[in-house]
Amino acid sequence: MPRAVISGTGAYVPTRVLTNKELESVIDTTADWILSRTGISERRIALPDEATSDLSYFAAKQALENAKLLSTDIDAIIVATVTPDMLFPSTACIIQAKLGAKNAVAFDLSAACTGFVYGLQLAVQAIESGSWRHVLVVGAETLSRIVDWQDRNTCVLFGDGAGAAVVSADGKGPRILGVHLGADGTEGHVLTLPAGGSRLPASLETVNGRRHFVRMNGQEVYKFAVRIVDEACSQLLDKLGLNYEDVDFYIPHQANLRIIEGFAKRLKVPLAKIAVNLDRYGNMSGASIPVALHEFSERQPRAGDKVMLVGFGGGLTWGSCLLEWQVD
Ligand code: UT7
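Residues numbered from 1 in each chain as written. Predicted model: local features only at pLDDT ≥ 70, side-chain atom pairs only at ≥ 80, totals over all residues. Heavy atoms only, no water.

(A) Broad picture of the domain arrangement of the protein chain. One can read the domain layout of the protein chain as domain 1 (4-171) and domain 2 (177-324). When each unit is reduced to the centre of its C-alpha atoms, the spacing between domain 1 and domain 2 is 14 Å. At the interface, 45 residues of domain 1 touch 42 residues of domain 2. Interface area for domain 1 against domain 2, summed over the two sides, is near 3500 Å², with a carbon-plus-sulfur share of 63%. The three residues of domain 1 that bury the most area against domain 2 are Cys113, Val117 and Tyr118, which together make up 17% of that side's buried surface. Remark: the boundary between domain 1 and domain 2 carries one salt bridge. The tally of links between domain 1 and domain 2 comes to 18 residue pairs in polar contact (both at pLDDT 80 or more). Tallying contributions element by element places helix 5 (residues 115-128) first for the side of domain 1 that touches domain 2, with six residues. (Domains from an automatic or database assignment. Contact = heavy atoms within 4.5 Å. Buried area = accessible area lost by both parts, 1.4 Å probe. Salt bridge = Lys/Arg side-chain N within 4 Å of Asp/Glu carboxyl O. Polar contact = N/O pair within 3.5 Å; in protein donor to acceptor, adjacent residues only side chain to side chain. Helix = DSSP H or I, 4+ residues; strand = E, 2+ residues; numbered from the N terminus.)

Okay, here's the thing in structure tokens:
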């Protein structure tokens, strides 16, 4: 059976930096509140002519280069996003055209902040079954387009960016040892974008009611996140017959530094063993994990390092994935 490896990663964030200080003149907030309650100092905001597929394209190109592959080598493109360029065609098809990946099937996946981990699971299964050899998995968002810039509870939290990974059958790169996914649709109401779909199509009423923006019950999502990060990791470790002591580094979804610090404290793991990039980028939903994974890969991990990715978010959804770096 072929074994799934991550043969290349890439990341791209827009050039425009929006600092906490600047937000003080947009909304009733303070730079100190944002930093102390979330850990975020600044975030990136897409330029007016940049859409999700544009950010994705740069991340995908870099992942292909790092994997030493041509776009025509790719069998499938999966884009995890809640901010597609449009409802259809899929952002994955738009990227397929931009890359000239003419041999690839292409589709989008909606699992919010867990989307990239969901995409990895699909890639692993297709590779292990022999259906595909190279799958491009992208997590990309332009959340600045769907946050309500009049709602201080949400607009200070999010940022734009894209990360990508090529998952290949065998070859060099970290092996994917396992993936564990979950969902609980009964609690989906705590994090939604109510209008613009078939339930509440766009109308003057939905626009005037500001219903095309993210709505979040922050405290409920926070409680869910704290519980599920531990569960998602321990259930995957149980499945693989491993323990927390076997994990060398964690790449969690970047929603709030307090969630990450709590996790570190419970596990008695130093913060240095956990990826943190939300200070620079905020919460990029589906892009948070692949961007952090790319940054971690650039630091040239040691052979044998085991790295846990763990995501949680809208749906509600969650997922974990364990990687092991290989000896070259
Ligand atoms: O990626 C998807 C997953 N998302 C998450 O995991 C987000 C999870 N939730 C969180 O990270 C936190 O709940 C938030 C950062 C969203 C909020 O932090 P909190 O400590 O739970 O604050 P809170 O909602 O309890 O609000 C505390 C106070 C409120 O004022 P009152 O009612 O106590 O007077 C808010 O109105 O802080 C106020 N507040 C703000 N003040 C200044 C809320 N947002 C702001 C703001 N600036 N931007």
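(B) A look at the environment of leucine 64. Inspection of the secondary structure puts leucine 64 in helix 3 (residues 52-67). Judged by its relative accessible area of 5%, leucine 64 is buried. Taking the C-alpha atoms as reference points, leucine 64 and glycine 8, 56 residues apart in sequence, are found 6.3 Å from one another. Beyond its immediate stretch of four places on either side in the chain, leucine 64 contacts Leu69, Leu70, Ser71, Ile74, Leu99 and Val166. (Buried < 20%, exposed > 50% of the residue type's maximum accessible area, 1.4 Å probe, protein only.)

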